[in-house]
Amino acid sequence: MSVSALQNIATSTAEAPPAPADLPKRNYLRSMRANVDAKVAQMLYEDMCLGRQFEDMCAQMYYRGRVAGFVHLYNGQEAVSTGIIKCLRKDDVISSTYRDHVHALSKGVPAREVMAELYGKETGCSKGRGGSMHMFSKEWGVMGGFAFISENVPIALGAAFSIAYRRQQMLDESADQVVVCFLGDGASNNGIFYEAMNMAALARLPIIFVVENNNWAIGMAHYRSTSVPEIYKKGPAFGVPGYEVDGMDVLAVRAAARKAVKRARAGEGPTLIEALTYRFRGHSLADPDELRAPLEKSAWLARDPIATFGEYMKDMGYSNDYLLKETQKKVRALVEDSVSFAESSPEPKVEEVGEYIFADGYVPEPEHFSDEELHQYAVALKDELDQQERRKAGDKTPPTAVQLQRQPLKVID
Amino acid sequence: MTDLLLLLLVVNAVAVWPWSAEGFVARNVLRRDGRPAVADARRPSAGRASPLYMGSAVLDGDKVNGKSVKDWTVERTMFQALHMATAEEMERDPTVCLIGEDVGHYGGSYKVSKDLHYRFGNFQVMDTPIVENTFTGMAIGAAATGLRPIVEGMNMGFLLLAYNQIANNAGMMRYTSGGQYDIPVVIRGPGGIGKQLGPEHSQRLEAYLNAVPGLKLVACSTPRNARGLLKAAIRDNNPVVFFEHVLLYNLKEEIPYLPYTQAIDKAELVKEGKDLTVLCYSRQRHVAVEAAKRLEKTGLSLEIIDLISLKPLDVEAIKKSISKTHRCIILEESSKAGGVGADILSCVIENCSDTLADVPTRVGAKDIPTPYNAKLEEATVPSVEDVMAQVMWMMTPHMVAKR
């Protein structure tokens, strides 16, 4: 099949087979995968490689003492970030956890800015104030970077509220953005997650909850902390449809993401996606990672999302060994460039340590009223005085519905 | 003390409404699909006087009874003043929205948002489930993405459940994002020690939140400043925690009829005096005024500064007053252990030591859970007598460490 013919294949989601009534087994939904053409496949592959190589470089720089703090690497979970975020537009918003470098990269934040942030430099995406766990980029719609478990959930909910508010309250047709809220399996045990799902479903907010279930909350195995380990099943209880996807398969994630994004953009409400995945490294670079069995690790390593997607591309005739290697090289150059950029960037000035705490405050100024407004106020005042007079005279008639009018600006009886 | 309490009136601000508004309240319902219904109760103009009894007020352009509306004052309680401020700001700026428990159909537990959902709809005035941390976080997220939400804590103490969101996100998100996200959120609600509400409903959150960087803490104390300050707080681009006192909601005062704003970072000079400065805020302002009134008979004149802004402190106003009186008492309702008073005290010592004639002292609540029993409760809160005693002690010769 020629490439051009391949490109004609719609990139649309393949419809899922009708699910049997009870679905006890995990990974059933693997069969639902997105169809992509060669170009999109290459984009996804590049993005996953970028995530992997960037994180490897991060570890290197951490061990060399160039990067400090708590650094949580994303290795192994790339298919989730790429699969979800590459379905979004630039003006869509994501909100992430402390494992956020790759989410920011997938969303489009230049690798230079992310690396500079890890270096704590002024050129970093959070100006060196946030560090590894607090990547922010308003331009690219990356709203954190939050370090506590599940505290990003209500923030993402707020971003979704804002979009729905602009669309429904302010009648802004262009407000069709979508918010993606990433969280982990550990966060799914936290009450905020359920509170947020409830509220999102109530107000039909355009939000997608993506649970990256990598089975381990530091040293707490998922099955030891959760009575019902299938997280996707917890959505429907709140009116949020839940889908389970193979988080090691970028096309499976993409298929679920497309569906969820379409639903959210249409104003139909939230979706919960549980992506089953695994982190190839410890919780953070400070984690000795002694708890997880070598056999478990190697079983997941065999399903490396990048390697398997590379194989898929070769099978489909989208790529070959040479091209894949070239891609790796290209990404390598990008990552190395980010390091040299970060190295050569200036440190934030110490005298500016207090910068960015407060925005400009409001300075009171006299209110201005047009003649028409003054007249309206006068009308309302007369009405109030008259009412008082009537009341004094013993009139028990309820007041007219003045509270309900927008004009004049009268508030209280 | 009793006359003061009489003055401050009641606890339960679910006050006596002259006429029931139930007639319209029942009309607006949440649509079955869960979407907020647009306020459908916006009726055509019905503001004309009742035909039964025509009023005699004379209207002429912007003049009522011959006086321009600009010069009119009207009597309002504090909850009405807050209601006015909220409605005016929501009218002025459609991005201002109200989020909280029972702020919509119920009208707020202290009626600060009564009937607003008719005017603005169920989205702009949003009733939330009872999930303080989630709706506070939601407001912060919404603030970061272009709205100006007001969060009402049904009781300020409930916001302890949202402490993480207020501290980590409202306070710090702007800084950690390198100034990219402004958080123009107002978090307000009734706080302070009410009348026999028990320990959990008698929280003074200003003490808890004082340690959080990035927040502005503002306490209103009268209808006049409540309206002006809340409006300014809503227009401010920073997270403002706005303290109202449960016992002040029914306090009445003549306030300007037309909307106005007041600086949220400036202290208010309540009363001028020459012997001693009392630094106070919220309800304690009225305690100080009462103490000053009684002490006047003894020939002592107190200068009373209502701090308004608890963070950042208006150091200039404090300095100015102390350079005149040379003595200072800090009066607070939060407990002396870890309260804001400790901060104010150190601020006074650090900034005014060259003009102080004596070591400043504090009058504050006791470091115990506020008891239910009325007498016990009264014993934990600073009273007029406590303030008077402290003033008398300050004004009598006593041991001061020699230099």
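Residues numbered from 1 in each chain as written. Chains lettered and ligands numbered in written order. Predicted model: local features only at pLDDT ≥ 70, side-chain atom pairs only at ≥ 80, totals over all residues. Heavy atoms only, no water.

1. Here's the deal with the overall build of chain A
Here's step 1: Each helix and strand counted, chain A has 13 helices and nine strands in total.
Here's step 2: The proportion of buried residues among the 413 residues of chain A is 54%.
Here's step 3: Here the contacts in chain A between residues at least 6 apart in sequence split such that 74% fall between residues at least 24 apart.
Here's step 4: For chain A, the exposed area adds up to about 17,000 Å²; of that, 55% sits on carbon and sulfur atoms. (Helix = DSSP H or I, 4+ residues; strand = E, 2+ residues; numbered from the N terminus. Buried < 20%, exposed > 50% of the residue type's maximum accessible area, 1.4 Å probe, protein only. Contact = heavy atoms within 4.5 Å. Areas by Shrake-Rupley, 256 points an atom, 1.4 Å probe, with all protein chains shown as cover.)

2. Considerations on the interface of chain A and chain B
Here's step 1: In this complex, chain A contributes 84 residues to the contact, which on the side of chain B involves 94 residues.
Here's step 2: Carbon and sulfur atoms supply 63% of the area buried between chain A and chain B, which totals about 8,200 Å² over both sides.
Here's step 3: Arg76 of chain B is the partner of Glu384 of chain A in a salt bridge, and the nearest nitrogen-oxygen pair spans 3.0 Å.
Here's step 4: On the surface where chain A and chain B come into contact, there are 28 residue pairs in polar contact (both at pLDDT 80 or more).
Here's step 5: Listed by contribution, the elements that provide at least two residues to the side of chain A that touches chain B are β2 (136–137), β3 (142–145), α6 (152–168), α7 (191–203) and α13 (371–392) of chain A.
Here's step 6: For the side of chain A that touches chain B, the leading source of residues is α13 of chain A, giving 16 residues. (Buried area = accessible area lost by both parts, 1.4 Å probe. Salt bridge = Lys/Arg side-chain N within 4 Å of Asp/Glu carboxyl O. Polar contact = N/O pair within 3.5 Å; in protein donor to acceptor, adjacent residues only side chain to side chain.)

3. Considerations on helix α11 (residues 315–325) of chain B
Residue and element names in this part refer to chain B.
Here's step 1: Here α11 has its buried residues at Ala317, Ile318, Ser321, Ile322 and Thr325. All buried residues of α11 lie within an arc of 120° about the axis, which places them on one face of the element. Away from the buried face of α11 by more than 90 degrees, exposed residues Glu316 and Lys320 are located.
Here's step 2: Those residues of α11 that are buried are in contact with β13 (276–280), β14 (302–306), β16 (328–335) and α12 (340–352).
Here's step 3: Directly beyond the C-terminal end of α11, a positive phi value near 65° is found at His326. (Arc of directions from axis to C-beta.)

4. Re the confidence of the model for chain B
All names here are of chain B.
Here's step 1: Mean pLDDT over chain B stands at 85; residues scoring 70 or higher make up 85%.
Here's step 2: Note that residues 1–52 has pLDDT below 50 and, in this model, 123 contacts with residues that lie over four places away or in other chains.
Here's step 3: Predicted complex, confidence summary: ipTM 0.89, pTM 0.88. (pLDDT = per-residue confidence, 0-100.)

5. Comments concerning the side chain of Asn152 of chain A
Here's step 1: By secondary structure assignment, the location of Asn152 of chain A is in helix α6.
Here's step 2: By relative accessible area, Asn152 of chain A is classed as buried at 1%.

6. Here we look at the packing of helix α3 (residues 78–92) of chain B against helix α9 (residues 223–235) of chain B
All names here are of chain B.
Here's step 1: For the pair α3 and α9, interaxial distance at closest approach is 8 Å and the crossing angle is 30°. Relative to α9, the element α3 is oriented roughly parallel. The chirality of how α3 crosses α9 is right-handed. From α3, Met78, Ala81, Leu82, Met84, Ala85, Thr86, Glu88, Glu89 and Arg92 reach across to α9, where they touch Pro223, Ala226, Arg227, Leu230, Lys231, Ile234 and Arg235. (Axes fitted to C-alpha atoms, helices over the stretch in contact; angles between N-to-C directions. Parallel < 35°, antiparallel > 145°, perpendicular 65-115°, else oblique. Left-handed = near helix turned anticlockwise from the far one by under 90°.)

7. Observations concerning the domain arrangement of chain B
Residues and elements named next belong to chain B.
Here's step 1: Each assigned domain of chain B is listed with its residue range as follows: domain 1 (73–256) and domain 2 (268–395).
Here's step 2: Taken over C-alpha atoms, the centre of domain 1 sits 26 Å from the centre of domain 2.
Here's step 3: With 30 residues of domain 1 at the interface, the matching set in domain 2 holds 28 residues.
Here's step 4: Taking both partners together, domain 1 and domain 2 bury about 2,200 Å²; carbon and sulfur atoms supply 55% of that area.
Here's step 5: Linking domain 1 with domain 2 are zero salt bridges.
Here's step 6: Inspection of the region where domain 1 meets domain 2 yields 17 residue pairs in polar contact (both at pLDDT 80 or more).
Here's step 7: Secondary-structure elements contributing two or more residues to the side of domain 1 that touches domain 2 are α8 (205–209), β9 (216–219) and α9.
Here's step 8: Top contributing element to the side of domain 1 that touches domain 2 by residue count: β9, with four residues.
Here's step 9: When the residues that make up the side of domain 1 that touches domain 2 are grouped by side-chain class, the tally is 16 nonpolar, 10 polar and four charged. (Domains from an automatic or database assignment. Nonpolar A, V, L, I, M, F, W, Y, C, P; charged D, E, K, R; others polar.)

8. Some details on the packing of aromatic side chains
Here's step 1: Under the definition given, this model contains 15 aromatic pairs over all chains.
Here's step 2: Between Tyr62 of chain A and Tyr63 of chain A the ring centres are 5.6 Å apart and the planes differ by 75°, which places this aromatic pair in the edge-to-face class.
Here's step 3: Judged by relative accessible area, which is 22%, Tyr62 of chain A ranks as partly exposed.
Here's step 4: Ring geometry for Phe136 of chain A and Phe146 of chain A: centres 5.8 Å apart, planes at 80°, overall edge-to-face. One end of the pair, Phe136 of chain A, is in strand β2; the other, Phe146 of chain A, is in the loop between β3 and α6, and 10 residues separate them in sequence.
Here's step 5: By relative accessible area, which is 2% here, Phe146 of chain A ends up buried.
Here's step 6: Taken together, the aromatic side chains of Phe193, Tyr194, Phe209 and Phe238 of chain A make up a single cluster linked through ring pairs.
Here's step 7: When the ring centre of Trp72 of chain B is taken as origin, the NZ or CZ atom of Lys67 of chain B, which lies over that ring, is 4.8 Å away. (Phe/Tyr/Trp six-rings, centres within 6.5 Å; stacked < 30°, edge-to-face > 60°. Lys NZ or Arg CZ within 6 Å of the ring centre and 35° of its normal.)

9. Details of the sheet that holds strand β7 (residues 148–152) of chain B
Working definition: the strands of a sheet are paired by backbone hydrogen bonds and lie parallel or antiparallel to each other.
All names here are of chain B.
Here's step 1: The seven strands are arranged β6-β5-β7-β8-β10-β9-β15 in an open sheet whose pairing can be described as mixed. Looking at which strands have only one partner, the edges of the open sheet turn out to be β6 (125–127) and β15 (309–311). Across the sheet, the mean angle separating the axes of adjacent strands is 20° when strand polarity is ignored.
Here's step 2: Here helix α5 (residues 132–144) sits on the sheet and contacts β5 (96–100), β6, β7 and β8 (186–191); the angle it forms with β7, its principal contact strand, is near 165°. (Pairing = 2+ DSSP bridges.)

10. Side note on the domain arrangement of chain A
Here's step 1: Assigned domains within chain A: domain 1 (26–352) and domain 2 (366–413).
Here's step 2: A separation of 55 Å is found between the C-alpha centroids of domain 1 of chain A and domain 2 of chain A.

11. Digging into unusual backbone geometry
Here's step 1: Cis geometry is found at the peptide bond from Gly144 of chain A to Gly145 of chain A, where omega equals 0°.
Here's step 2: In this fold, Gly145 of chain A is placed in strand β3.
Here's step 3: With omega at -5°, the peptide bond leading from Lys311 of chain B into Pro312 of chain B counts as cis.
Here's step 4: If you trace the backbone, Pro312 of chain B turns up in the loop between β15 and α11.
Here's step 5: Even without glycine at this site, Leu171 of chain A takes up a positive phi of about 55°.
Here's step 6: Position of Leu171 of chain A relative to the elements: it lies in the loop between α6 and β4 (179–184).
Here's step 7: At Asn215 of chain A, a position not held by glycine, the phi torsion is positive, near 75°.
Here's step 8: With respect to the helices, strands and loops of the structure, Asn215 of chain A is situated in the loop between β5 (207–213) and β6 (216–217).
Here's step 9: Overall, Asn215 of chain A belongs to the partly exposed group, its relative accessible area being 26%.

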